[in-house]
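Working through the structure, step by step
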Amino acid sequence: MLALLFILFGAMAIGCALALVAQRHPLYSAISLIGVFISLACLYVMLAAPFIAAVQVIVYAGAIMVLVVFVIMLLNVEEEEHRRQRLKFLVPVAVALAGVLIAEVAFILVSVQESRVLPTSATSDVGITQSIGTALFTTYLLPFEITSILLLMAIVGAMTLARRGGLIPPRDAGKRG
Amino acid sequence: MEPQLSWYLALSAVLFTIGVTGVIIKRNIIAMFMCIELMLNAVNLTFVAFASFFHDVTGQLFVFIVMTVAAAEAAVGLGIIIAIFRNRETLDVDEASILKL
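Residues numbered from 1 in each chain as written. Chains lettered and ligands numbered in written order. Predicted model: local features only at pLDDT ≥ 70, side-chain atom pairs only at ≥ 80, totals over all residues.

**What about the interface of chain B and chain A?**
Counting residues at the interface gives 62 residues for chain B and 69 residues for chain A. Looking at the side of chain B that touches chain A, the element that brings in the most residues is helix α3 (residues 58-88) of chain B, giving 22 residues. For the side of chain B that touches chain A, the per-class residue count stands at 45 nonpolar, 11 polar and 6 charged. (Contact = placed C-beta atoms within 7 Å. Helix = DSSP H or I, 4+ residues; strand = E, 2+ residues; numbered from the N terminus. Nonpolar A, V, L, I, M, F, W, Y, C, P; charged D, E, K, R; others polar.)

Printed below as a string of structure tokens:
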């Protein structure tokens, strides 16, 4: 039963990921990416991580993708037109690199399968919100606080970058305008 | 039959590879940005799978922090995209190959 669900959601994730790369219009790519996020959230529930699944849907499929779709619509992005590719030799390189990456990962997979793995059980309390909160505010308090500083830097940086007038100081911008 | 740890790792590897291929072959900067998000998610799947199979909450905390970094990256990255579009009137990365504005 769980194996069937895994195959269903895994196939959904891979199909949406392929659609993300294959689509020419960024808006369709964004919708495919939301499909990937939702199927990954389902896989997280199967892995007994309901909190991470909820955060995945709220933060990724909600906040981040709304931002991306907003920018796509703000900039009025057109479809990629067919034109002569200047870096056409990179396409076989990309395929070759993907092959190398798959080979590396297959090696790791074989190593993992040969090592001893503890069996999973759905009754463990690892994924519940309480255990995550306890660990986050005791053992991992410093990374948590550093993350908040990172978010503050991101807010200031995004405002500086996207401000009209760009990186020019406001004094010079006022002189020009 | 229960899904094994290696199944999740294989799925994560496939998703990561698709993301890498997308970053290399796409020319639209927003599409490349979304492929990077896909790669981050593939790594998150690995973290959650290991956390679940080893009964350790640390992996899920890593996922939490990776999500925060992804949100910060989205805000700053989209700010950079808007700045590039304002200066060049295009989102083609081949047109933005010079660092000078």
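Right, picking up where we left off after that structure.
**Here's the deal with the nonpolar core**
Among the nonpolar cores identified, the biggest contains 63 residues, and Val36, Tyr44 and Val68 of chain A together with Ile30, Met34, Leu38 and Val48 of chain B are the most heavily contacted of them. Elements with a minimum of two residues in this core: α1 (2-22), α2 (26-46), α3 (50-75) and α6 (141-162) of chain A together with α1 (5-25), α2 (29-53) and α3 of chain B. Here this core gets 15 residues from one element, more than from any other, and that element is α2 of chain B. With residues near it in sequence (within four places) discarded, Ile30 of chain B still touches Pro26, Val68, Val71, Ile72 and Val77 of chain A together with Ile81 and Leu91 of chain B. (Core = buried A, V, L, I, M, F, W, Y, C linked by C-beta atoms within 7 Å. Buried ≥ 20, exposed ≤ 12 C-beta atoms within 10 Å, placed from the backbone.)

**Things to note about α2 of chain B**
Between its first and last C-alpha, α2 of chain B extends 37 Å over 25 residues, near the 36 Å set by a 1.5 Å rise per residue. The buried fraction of α2 of chain B is high, at 20 of 25 residues. (Expected span 1.5 Å × (residues − 1).)

Remember that the coordinates give geometry; whether it matters functionally is a separate question.
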